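Here's the letter readout for the chains.
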Amino acid sequence: MQVPLDTLWREEFGWRLVEWGATQRPTLPWRLADGSGQRDPYRVWVAEIMLQQTGVTTVGPYFERFLARFPTVAALAESPLDDVLKAWEGLGYYARARNLHRAARLVVEQHGGELPSNADQLARLPGIGRYTLGAILSLAFGQPAPILDGNVRRVLARVFAITEDVRAPATEKTLWALSEALVPVEAPGAFNEALMDLGATICIPGRPRCLACPVMTLCAARAQGLQDSLPIMPKRKQTPHYDVTAGVIWRGEQLLVAQRPLDKMLGGLWEFPGGKCQAGETLAECLKRELREELGVEVAVGEPVTVVPHAYTHFRITLHAFDCALVEGEPQAIEAADVRWTTLDAVDQFAMAVTDQQIVAALRAEANRLTTESTES
Ligand code: SF4
(Lines give C-alpha, C1' and ligand atoms only; values in the text may rest on other atoms or scores of the structure.)
Protein backbone atom coordinates (compact mmCIF):
# COMPACT_ATOMS: atom_id res chain seq x y z
CA MET A 1 0.00 0.00 0.00
CA GLN A 2 1.44 3.38 -1.05
CA VAL A 3 0.87 6.31 1.26
CA PRO A 4 1.38 9.69 -0.42
CA LEU A 5 3.29 11.92 1.99
CA ASP A 6 4.59 15.35 1.18
CA THR A 7 8.36 15.01 0.80
CA LEU A 8 9.21 18.16 2.73
CA TRP A 9 6.84 17.21 5.54
CA ARG A 10 8.32 13.72 5.72
CA GLU A 11 11.87 15.03 5.76
CA GLU A 12 11.10 17.51 8.51
CA PHE A 13 9.36 14.84 10.55
CA GLY A 14 12.40 12.58 10.07
CA TRP A 15 15.14 15.01 11.01
CA ARG A 16 13.22 16.41 13.99
CA LEU A 17 12.75 12.94 15.33
CA VAL A 18 16.33 11.80 14.71
CA GLU A 19 17.78 14.96 16.27
CA TRP A 20 15.55 14.59 19.29
CA GLY A 21 16.45 10.89 19.54
CA ALA A 22 20.18 11.66 19.53
CA THR A 23 19.83 13.84 22.64
CA GLN A 24 17.33 11.62 24.48
CA ARG A 25 18.54 8.13 23.71
CA PRO A 26 18.61 6.03 26.89
CA THR A 27 21.78 3.97 27.38
CA LEU A 28 20.58 0.41 27.06
CA PRO A 29 22.93 -2.58 26.89
CA TRP A 30 21.62 -3.74 23.49
CA ARG A 31 22.18 -0.31 21.98
CA LEU A 32 25.94 -0.35 22.43
CA ALA A 33 27.85 -0.12 19.16
CA ASP A 34 31.32 -1.47 18.46
CA GLY A 35 34.29 0.79 17.59
CA SER A 36 33.02 1.25 14.02
CA GLY A 37 29.62 2.43 15.19
CA GLN A 38 27.99 -0.87 14.15
CA ARG A 39 25.78 -2.91 16.39
CA ASP A 40 26.19 -6.64 16.79
CA PRO A 41 23.17 -8.14 14.93
CA TYR A 42 23.05 -11.03 17.43
CA ARG A 43 22.63 -8.61 20.36
CA VAL A 44 19.96 -6.65 18.47
CA TRP A 45 18.15 -9.89 17.64
CA VAL A 46 18.16 -11.24 21.22
CA ALA A 47 17.05 -7.86 22.61
CA GLU A 48 14.20 -7.51 20.12
CA ILE A 49 12.92 -11.00 20.90
CA MET A 50 13.07 -10.31 24.65
CA LEU A 51 11.37 -6.92 24.22
CA GLN A 52 8.47 -8.38 22.21
CA GLN A 53 6.27 -8.90 25.26
CA THR A 54 8.42 -7.62 28.11
CA GLY A 55 9.29 -4.11 29.31
CA VAL A 56 12.73 -2.51 29.04
CA THR A 57 13.37 -2.51 32.81
CA THR A 58 12.71 -6.22 33.17
CA VAL A 59 14.66 -7.14 30.04
CA GLY A 60 17.88 -5.29 31.10
CA PRO A 61 19.29 -7.83 33.61
CA TYR A 62 17.97 -10.83 31.64
CA PHE A 63 19.70 -9.56 28.51
CA GLU A 64 23.05 -9.15 30.28
CA ARG A 65 22.87 -12.62 31.85
CA PHE A 66 21.74 -14.24 28.60
CA LEU A 67 24.59 -12.67 26.60
CA ALA A 68 27.12 -13.66 29.28
CA ARG A 69 25.83 -17.26 29.13
CA PHE A 70 25.39 -17.40 25.31
CA PRO A 71 27.79 -14.77 23.90
CA THR A 72 27.46 -15.82 20.23
CA VAL A 73 24.95 -17.44 17.89
CA ALA A 74 27.16 -20.54 17.89
CA ALA A 75 27.20 -20.73 21.69
CA LEU A 76 23.40 -20.48 21.74
CA ALA A 77 23.01 -23.08 18.99
CA GLU A 78 25.17 -25.69 20.67
CA SER A 79 23.54 -25.34 24.10
CA PRO A 80 20.73 -27.70 25.12
CA LEU A 81 17.22 -26.19 25.05
CA ASP A 82 16.95 -26.83 28.82
CA ASP A 83 19.80 -24.36 29.46
CA VAL A 84 18.18 -21.74 27.24
CA LEU A 85 14.83 -22.13 29.01
CA LYS A 86 16.60 -21.90 32.37
CA ALA A 87 18.21 -18.58 31.31
CA TRP A 88 14.76 -17.40 30.16
CA GLU A 89 13.07 -18.47 33.40
CA GLY A 90 10.78 -15.69 34.67
CA LEU A 91 10.65 -13.74 31.38
CA GLY A 92 7.52 -15.59 30.26
CA TYR A 93 6.29 -16.30 26.71
CA TYR A 94 8.68 -19.23 26.43
CA ALA A 95 7.90 -19.85 22.77
CA ARG A 96 10.28 -16.92 22.21
CA ALA A 97 13.15 -18.85 23.80
CA ARG A 98 12.35 -22.05 21.90
CA ASN A 99 12.18 -20.16 18.60
CA LEU A 100 15.38 -18.24 19.32
CA HIS A 101 17.18 -21.50 20.02
CA ARG A 102 15.79 -23.17 16.89
CA ALA A 103 16.67 -20.13 14.79
CA ALA A 104 20.23 -20.03 16.18
CA ARG A 105 20.71 -23.63 15.01
CA LEU A 106 19.42 -22.71 11.55
CA VAL A 107 21.73 -19.68 11.40
CA VAL A 108 24.70 -21.94 12.14
CA GLU A 109 23.59 -24.65 9.68
CA GLN A 110 22.52 -22.38 6.82
CA HIS A 111 24.35 -19.05 7.26
CA GLY A 112 27.71 -19.96 8.79
CA GLY A 113 26.74 -18.58 12.20
CA GLU A 114 26.10 -15.04 10.91
CA LEU A 115 22.61 -13.59 11.13
CA PRO A 116 21.67 -12.87 7.49
CA SER A 117 21.04 -9.25 6.44
CA ASN A 118 18.72 -10.40 3.65
CA ALA A 119 15.06 -9.74 4.52
CA ASP A 120 13.71 -12.98 2.99
CA GLN A 121 16.29 -15.14 4.74
CA LEU A 122 15.72 -13.39 8.05
CA ALA A 123 11.94 -13.66 7.78
CA ARG A 124 12.22 -17.45 7.35
CA LEU A 125 13.80 -17.84 10.81
CA PRO A 126 11.42 -18.93 13.58
CA GLY A 127 10.22 -16.12 15.85
CA ILE A 128 11.04 -13.27 13.44
CA GLY A 129 7.75 -11.59 12.58
CA ARG A 130 7.24 -8.38 10.65
CA TYR A 131 8.10 -6.03 13.54
CA THR A 132 11.25 -7.91 14.59
CA LEU A 133 12.33 -8.12 10.96
CA GLY A 134 12.07 -4.33 10.56
CA ALA A 135 13.87 -3.72 13.84
CA ILE A 136 16.80 -6.03 12.98
CA LEU A 137 17.14 -4.75 9.41
CA SER A 138 17.11 -1.09 10.43
CA LEU A 139 18.98 -1.21 13.75
CA ALA A 140 21.61 -3.83 12.93
CA PHE A 141 22.00 -3.52 9.14
CA GLY A 142 21.01 0.11 8.42
CA GLN A 143 18.26 -0.84 5.97
CA PRO A 144 15.14 1.37 5.63
CA ALA A 145 12.67 -1.20 6.93
CA PRO A 146 9.46 -0.22 8.76
CA ILE A 147 8.49 -1.16 12.31
CA LEU A 148 5.15 -1.17 14.09
CA ASP A 149 4.89 -2.00 17.79
CA GLY A 150 2.49 -0.65 20.42
CA ASN A 151 4.46 2.58 20.88
CA VAL A 152 4.82 3.29 17.17
CA ARG A 153 1.15 2.44 16.55
CA ARG A 154 0.11 5.04 19.14
CA VAL A 155 2.44 7.76 17.78
CA LEU A 156 1.32 7.27 14.17
CA ALA A 157 -2.37 7.09 15.08
CA ARG A 158 -1.97 10.48 16.76
CA VAL A 159 0.33 12.19 14.26
CA PHE A 160 -2.11 11.27 11.46
CA ALA A 161 -5.26 11.59 13.62
CA ILE A 162 -6.50 8.09 12.78
CA THR A 163 -9.92 7.71 14.34
CA GLU A 164 -10.48 4.01 13.52
CA ASP A 165 -9.72 1.04 15.78
CA VAL A 166 -5.92 0.70 15.47
CA ARG A 167 -6.12 -3.10 15.72
CA ALA A 168 -8.57 -3.46 12.83
CA PRO A 169 -6.83 -5.14 9.87
CA ALA A 170 -7.47 -2.19 7.50
CA THR A 171 -6.01 0.32 10.00
CA GLU A 172 -3.08 -1.98 10.70
CA LYS A 173 -2.36 -1.99 6.96
CA THR A 174 -2.48 1.82 6.84
CA LEU A 175 -0.16 2.10 9.85
CA TRP A 176 2.39 -0.24 8.28
CA ALA A 177 2.22 1.75 5.07
CA LEU A 178 2.79 4.99 7.00
CA SER A 179 5.74 3.50 8.86
CA GLU A 180 7.19 2.35 5.54
CA ALA A 181 6.67 5.76 3.92
CA LEU A 182 8.29 7.57 6.85
CA VAL A 183 11.44 5.52 7.44
CA PRO A 184 14.34 7.37 5.80
CA VAL A 185 17.13 5.86 3.72
CA GLU A 186 19.63 7.83 5.83
CA ALA A 187 19.79 6.65 9.46
CA PRO A 188 16.74 4.35 9.39
CA GLY A 189 17.82 2.72 12.67
CA ALA A 190 18.12 6.05 14.51
CA PHE A 191 14.72 7.08 13.11
CA ASN A 192 12.96 3.88 14.13
CA GLU A 193 14.53 3.95 17.57
CA ALA A 194 13.49 7.59 18.09
CA LEU A 195 9.94 6.72 17.01
CA MET A 196 9.82 3.94 19.61
CA ASP A 197 11.38 6.18 22.28
CA LEU A 198 8.90 8.95 21.53
CA GLY A 199 6.04 6.53 22.15
CA ALA A 200 7.65 5.20 25.32
CA THR A 201 8.49 8.54 26.94
CA ILE A 202 6.50 11.44 25.42
CA CYS A 203 3.61 10.19 23.32
CA ILE A 204 2.52 7.94 26.16
CA PRO A 205 -0.87 6.25 26.63
CA GLY A 206 -3.59 8.40 28.14
CA ARG A 207 -2.37 11.98 28.27
CA PRO A 208 0.68 12.54 26.04
CA ARG A 209 3.34 15.12 26.96
CA CYS A 210 2.85 17.19 23.80
CA LEU A 211 4.72 20.28 25.03
CA ALA A 212 7.92 18.22 25.13
CA CYS A 213 7.31 16.59 21.75
CA PRO A 214 9.70 17.31 18.86
CA VAL A 215 6.93 16.83 16.26
CA MET A 216 4.16 18.72 18.04
CA THR A 217 3.63 21.22 15.22
CA LEU A 218 3.35 18.35 12.72
CA CYS A 219 0.83 16.36 14.73
CA ALA A 220 -2.76 16.26 13.45
CA ALA A 221 -4.21 14.93 16.71
CA ARG A 222 -2.66 17.83 18.62
CA ALA A 223 -3.95 20.32 16.04
CA GLN A 224 -7.47 18.89 16.37
CA GLY A 225 -7.36 18.47 20.16
CA LEU A 226 -7.68 14.68 19.80
CA GLN A 227 -4.40 13.69 21.43
CA ASP A 228 -5.97 12.41 24.68
CA SER A 229 -8.65 10.32 22.94
CA LEU A 230 -6.41 8.55 20.41
CA PRO A 231 -5.58 5.84 19.58
CA ILE A 232 -8.92 4.06 19.42
CA MET A 233 -8.39 0.61 20.91
CA PRO A 234 -10.66 -2.44 20.51
CA LYS A 235 -12.97 -3.20 23.44
CA ARG A 236 -11.40 -5.64 25.87
CA LYS A 237 -13.03 -9.05 26.02
CA GLN A 238 -13.59 -10.56 29.45
CA THR A 239 -10.74 -12.95 30.15
CA PRO A 240 -11.86 -16.44 31.19
CA HIS A 241 -10.75 -17.92 34.49
CA TYR A 242 -9.81 -21.55 35.23
CA ASP A 243 -9.10 -23.46 38.42
CA VAL A 244 -6.00 -25.59 37.93
CA THR A 245 -4.45 -28.19 40.25
CA ALA A 246 -0.84 -29.29 40.72
CA GLY A 247 0.45 -32.26 42.71
CA VAL A 248 3.69 -32.34 44.68
CA ILE A 249 4.23 -36.09 44.65
CA TRP A 250 6.62 -37.15 47.38
CA ARG A 251 8.72 -40.31 47.69
CA GLY A 252 10.65 -39.86 50.92
CA GLU A 253 12.78 -36.72 50.49
CA GLN A 254 12.28 -36.76 46.73
CA LEU A 255 9.58 -34.99 44.75
CA LEU A 256 8.48 -35.44 41.16
CA VAL A 257 8.67 -32.86 38.36
CA ALA A 258 7.32 -33.32 34.83
CA GLN A 259 8.39 -31.59 31.63
CA ARG A 260 5.66 -30.00 29.52
CA PRO A 261 5.39 -31.22 25.91
CA LEU A 262 7.37 -28.97 23.53
CA ASP A 263 4.37 -28.19 21.32
CA LYS A 264 2.20 -27.00 24.22
CA MET A 265 2.06 -23.66 26.01
CA LEU A 266 5.15 -23.30 28.29
CA GLY A 267 6.61 -26.23 26.31
CA GLY A 268 9.91 -27.59 27.65
CA LEU A 269 9.43 -26.08 31.12
CA TRP A 270 9.23 -28.30 34.20
CA GLU A 271 6.24 -28.27 36.51
CA PHE A 272 4.41 -30.01 39.28
CA PRO A 273 2.02 -32.12 37.21
CA GLY A 274 -1.72 -31.52 37.22
CA GLY A 275 -4.23 -29.70 35.07
CA LYS A 276 -7.47 -27.83 34.58
CA CYS A 277 -10.62 -28.67 36.56
CA GLN A 278 -13.62 -29.88 34.64
CA ALA A 279 -17.17 -28.78 35.43
CA GLY A 280 -18.50 -30.37 38.65
CA GLU A 281 -15.12 -31.79 39.72
CA THR A 282 -13.64 -31.13 43.16
CA LEU A 283 -9.98 -30.05 43.25
CA ALA A 284 -8.94 -33.46 44.61
CA GLU A 285 -10.92 -35.33 41.93
CA CYS A 286 -9.35 -33.14 39.25
CA LEU A 287 -5.83 -33.78 40.53
CA LYS A 288 -6.31 -37.55 40.76
CA ARG A 289 -7.71 -37.67 37.21
CA GLU A 290 -4.97 -35.46 35.78
CA LEU A 291 -2.16 -37.51 37.38
CA ARG A 292 -3.78 -40.74 36.19
CA GLU A 293 -3.96 -39.41 32.61
CA GLU A 294 -0.60 -37.64 32.59
CA LEU A 295 1.58 -40.09 34.55
CA GLY A 296 -0.44 -43.31 34.86
CA VAL A 297 -0.43 -43.25 38.68
CA GLU A 298 -2.98 -43.27 41.48
CA VAL A 299 -2.34 -40.78 44.28
CA ALA A 300 -3.77 -39.82 47.64
CA VAL A 301 -4.26 -36.08 47.74
CA GLY A 302 -2.99 -34.57 51.00
CA GLU A 303 -2.61 -31.08 52.47
CA PRO A 304 -2.81 -27.91 50.39
CA VAL A 305 0.65 -26.41 49.70
CA THR A 306 -0.31 -23.03 48.33
CA VAL A 307 -2.74 -21.20 46.04
CA VAL A 308 -1.25 -19.13 43.20
CA PRO A 309 -3.35 -16.72 41.13
CA HIS A 310 -1.81 -15.87 37.76
CA ALA A 311 -2.85 -13.94 34.64
CA TYR A 312 -1.76 -15.02 31.16
CA THR A 313 -2.51 -12.92 28.08
CA HIS A 314 -5.86 -14.51 27.24
CA PHE A 315 -6.96 -16.13 30.50
CA ARG A 316 -6.43 -16.19 34.25
CA ILE A 317 -5.88 -19.18 36.51
CA THR A 318 -5.94 -20.01 40.18
CA LEU A 319 -3.42 -22.78 40.74
CA HIS A 320 -4.12 -25.03 43.75
CA ALA A 321 -1.10 -27.12 44.77
CA PHE A 322 -1.39 -30.14 47.06
CA ASP A 323 0.99 -32.62 48.62
CA CYS A 324 0.36 -36.07 47.16
CA ALA A 325 1.45 -39.60 48.00
CA LEU A 326 1.82 -42.38 45.43
CA VAL A 327 -0.71 -45.13 45.98
CA GLU A 328 -0.22 -47.18 42.83
CA GLY A 329 1.97 -47.18 39.75
CA GLU A 330 5.34 -45.75 38.71
CA PRO A 331 5.16 -42.28 37.08
CA GLN A 332 5.57 -42.43 33.30
CA ALA A 333 5.74 -39.55 30.82
CA ILE A 334 2.40 -40.32 29.13
CA GLU A 335 1.26 -36.74 28.51
CA ALA A 336 4.57 -35.16 29.55
CA ALA A 337 7.86 -34.92 27.66
CA ASP A 338 9.80 -36.34 30.62
CA VAL A 339 9.52 -36.96 34.37
CA ARG A 340 12.27 -36.80 37.00
CA TRP A 341 12.66 -37.31 40.73
CA THR A 342 14.59 -34.54 42.44
CA THR A 343 14.86 -32.89 45.85
CA LEU A 344 13.74 -29.53 47.16
CA ASP A 345 17.42 -28.45 47.26
CA ALA A 346 18.13 -29.55 43.68
CA VAL A 347 14.89 -28.51 41.99
CA ASP A 348 16.35 -25.14 40.88
CA GLN A 349 18.27 -26.87 38.10
CA PHE A 350 14.93 -27.30 36.28
CA ALA A 351 13.54 -24.31 34.34
CA MET A 352 10.07 -23.62 35.74
CA ALA A 353 7.30 -21.14 35.06
CA VAL A 354 6.71 -18.47 37.67
CA THR A 355 3.66 -20.30 39.10
CA ASP A 356 5.66 -23.44 39.85
CA GLN A 357 8.50 -21.37 41.30
CA GLN A 358 5.95 -20.07 43.79
CA ILE A 359 5.06 -23.65 44.75
CA VAL A 360 8.77 -24.29 45.37
CA ALA A 361 8.94 -21.14 47.52
CA ALA A 362 5.93 -22.33 49.57
CA LEU A 363 7.50 -25.79 50.04
CA ARG A 364 10.75 -24.20 51.23
CA ALA A 365 8.94 -21.84 53.61
CA GLU A 366 7.12 -24.82 55.14
CA ALA A 367 10.37 -26.84 55.40
CA ASN A 368 12.05 -23.89 57.17
CA ARG A 369 9.13 -23.51 59.54
CA LEU A 370 9.30 -27.19 60.49
CA THR A 371 13.08 -26.98 61.00
CA THR A 372 12.72 -23.92 63.25
CA GLU A 373 9.97 -25.60 65.28
CA SER A 374 11.98 -28.76 65.81
CA THR A 375 15.06 -26.72 66.83
CA GLU A 376 13.05 -24.74 69.38
CA SER A 377 11.32 -27.76 70.95
FE1 SF4 B 1 2.01 12.51 20.57
FE2 SF4 B 1 1.40 14.96 21.41
FE3 SF4 B 1 3.62 14.53 19.99
FE4 SF4 B 1 1.24 14.35 18.85
S5 SF4 B 1 2.16 16.17 19.74
S6 SF4 B 1 2.94 12.95 18.59
S7 SF4 B 1 0.02 13.47 20.49
S8 SF4 B 1 3.16 13.73 22.05
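Quantities reported herein were computed from a predicted structural model and do not represent experimental measurements.

**Student:** Quick question: what am I supposed to make of the nonpolar core here?
**Tutor:** A general feature of soluble globular proteins is that nonpolar side chains tend to end up buried together. Counting 73 residues, the largest nonpolar core has F13, Y42, W45, M50, F66, W88 and L198 as the members making the most contacts within it. Composition of this core by domain shows at least three residues from each of domain 1 (7–148 + 182–201) and domain 2 (241–376). Every residue in contact with F66, bar those within four places of it in the chain, is listed here: Y42, V46, M50, L76, V84, A87, W88 and L100. Counting residues in each nonpolar core, the second largest holds 18 residues, with V248, V257, A321 and M352 among its members.

**Student:** So what exactly am I meant to see when it comes to the side chain of R289 here?
**Tutor:** Tracing the backbone shows R289 in helix α13 (residues 283–295). A residue is classified by how much of its surface remains accessible, and R289, at 12% relative accessible area, is buried. There is a polar contact of 3.1 Å between the side chain of R289 and the backbone oxygen of K276. Residues contacting R289, with those up to four places away along its chain left out, are K276, Q278 and E281.

**Student:** Explain the packing of aromatic side chains to me, please; I cannot follow it from the model alone.
**Tutor:** Geometrically, a pair of aromatic rings is defined through the distance of the ring centres and the angle of the planes. For the structure on display, the rule yields 10 aromatic pairs. With a centroid separation of 5.4 Å and an interplanar angle of 75°, the aromatic rings of W30 and F63 are classed as edge-to-face. Separated by 33 residues along the polypeptide, W30 in the loop between α1 (7–24) and α2 (41–51) and F63 in helix α3 (residues 56–69) bring together distant segments of the chain. This pair shows no difference in class: W30 is buried, exactly as F63 is. Above the face of the Y62 ring, R65 is positioned so that its terminal group lies 4.9 Å from the ring centre. Looking at R130, its charged tip hangs above the ring of W176, at a distance of 4.0 Å from the centre.

**Student:** For this particular structure, what's the right way to read the side chain of S79?
**Tutor:** With respect to the helices, strands and loops of the structure, S79 is situated in the loop between α4 (73–78) and α5 (81–88). We classify S79 as buried; its relative accessible area is 8%. Excluding residues within four positions of it along the chain, S79 makes contact with R69, F70, V84, H101 and R105.

**Student:** What am I meant to see in unusual backbone geometry here?
**Tutor:** Peptide bonds are trans in most cases, and residues, glycine excluded, mostly fall at negative phi. With an omega of 0°, the peptide bond between L230 and P231 qualifies as cis. Positionally, P231 belongs in the loop between α12 (220–224) and β1 (241–251). A positive phi is found at A187, a non-glycine position, where the angle reads about 50°. Residue placement: A187 occurs in the loop between α10 (169–182) and α11 (188–201). For A187, a relative accessible area of 39% translates into the label partly exposed. Phi is positive for L266, which is not a glycine, with a value near 60°. In this fold, L266 is placed in the loop between β2 (254–259) and β3 (270–271). By relative accessible area, L266 is classed as buried at 16%.

**Student:** Where do I start with the pairing of strand β6 (residues 316–328) in this structure?
**Tutor:** Side-chain positions along a regular strand alternate between the two faces of the sheet. Relative to β6, β1 runs parallel, the two sharing 10 bridges. Each bridged residue has a counterpart across the sheet, and for V248 the counterpart in β6 is D323. Note: strand β5 (residues 298–311) against β6, 11 bridges, orientation antiparallel. Across the sheet, residue H310 finds its bridge partner in β6, namely I317. Hairpin connection of β5 to β6: four residues between the antiparallel strands.

**Student:** Please explain the site of the ligand as it appears in this structure.
**Tutor:** Every residue near the ligand is listed here: R158, V159, I202, C203, P208, C210, C213, M216, C219, R222 and Q227. Broken down by class, the residue content of the shell around the ligand amounts to eight nonpolar, one polar and two charged.

**Student:** How do you make sense of α5 when you look at a structure like this?
**Tutor:** The α-helix advances 3.6 residues per turn, and as a result positions three or four apart in sequence lie on the same side. The set of residues buried in α5 consists of V84, L85 and W88. Along the axis of α5, the buried positions cluster into a sector of 95°, meaning they face one direction only. Packing partners of the buried residues in α5 comprise α2, α3, α4 and α6 (95–111). Taken from the residues just after α5, G90 is the one with a positive phi, measuring 100°.

**Student:** What is the right way to look at the pattern of salt bridges in this model?
**Tutor:** Opposite charge on two side chains permits them to pair, given that their charged atoms come into close proximity. Going through the model one piece at a time under the given rule, you end up with 16 salt bridges. Linking R69 and D83 is a salt bridge whose minimum nitrogen-to-oxygen distance equals 2.9 Å. Of this pair, R69 sits in helix α3 while D83 sits in helix α5, and the two are 14 residues apart along the sequence. You can call D83 partly exposed: its relative accessible area is 29%. E373 is paired through a salt bridge with R369; the nearest N and O atoms lie 2.5 Å apart.

**Student:** Can you walk me through the domain arrangement of the protein in this structure?
**Tutor:** A common way to state how big an interface is: give the accessible area lost once the parts meet. Here the domain parsing of the protein yields domain 1 (7–148 + 182–201) and domain 2 (241–376). A straight line from the C-alpha centre of domain 1 to that of domain 2 covers 36 Å. The interface is formed by nine residues belonging to domain 1 together with 16 residues belonging to domain 2. Of the roughly 880 Å² buried between domain 1 and domain 2 on both sides combined, carbon and sulfur atoms contribute 50%.

The rules behind these values
Residues numbered from 1 in each chain as written. Predicted model: local features only at pLDDT ≥ 70, side-chain atom pairs only at ≥ 80, totals over all residues. Heavy atoms only, no water. Core = buried A, V, L, I, M, F, W, Y, C linked by side-chain atoms within 4.5 Å. Buried < 20%, exposed > 50% of the residue type's maximum accessible area, 1.4 Å probe, protein only. Domains from an automatic or database assignment. Contact = heavy atoms within 4.5 Å. Helix = DSSP H or I, 4+ residues; strand = E, 2+ residues; numbered from the N terminus. Polar contact = N/O pair within 3.5 Å; in protein donor to acceptor, adjacent residues only side chain to side chain. Phe/Tyr/Trp six-rings, centres within 6.5 Å; stacked < 30°, edge-to-face > 60°. Lys NZ or Arg CZ within 6 Å of the ring centre and 35° of its normal. Pairing = 2+ DSSP bridges. Near = heavy atom within 4 Å. Nonpolar A, V, L, I, M, F, W, Y, C, P; charged D, E, K, R; others polar. Arc of directions from axis to C-beta. Salt bridge = Lys/Arg side-chain N within 4 Å of Asp/Glu carboxyl O. Buried area = accessible area lost by both parts, 1.4 Å probe.

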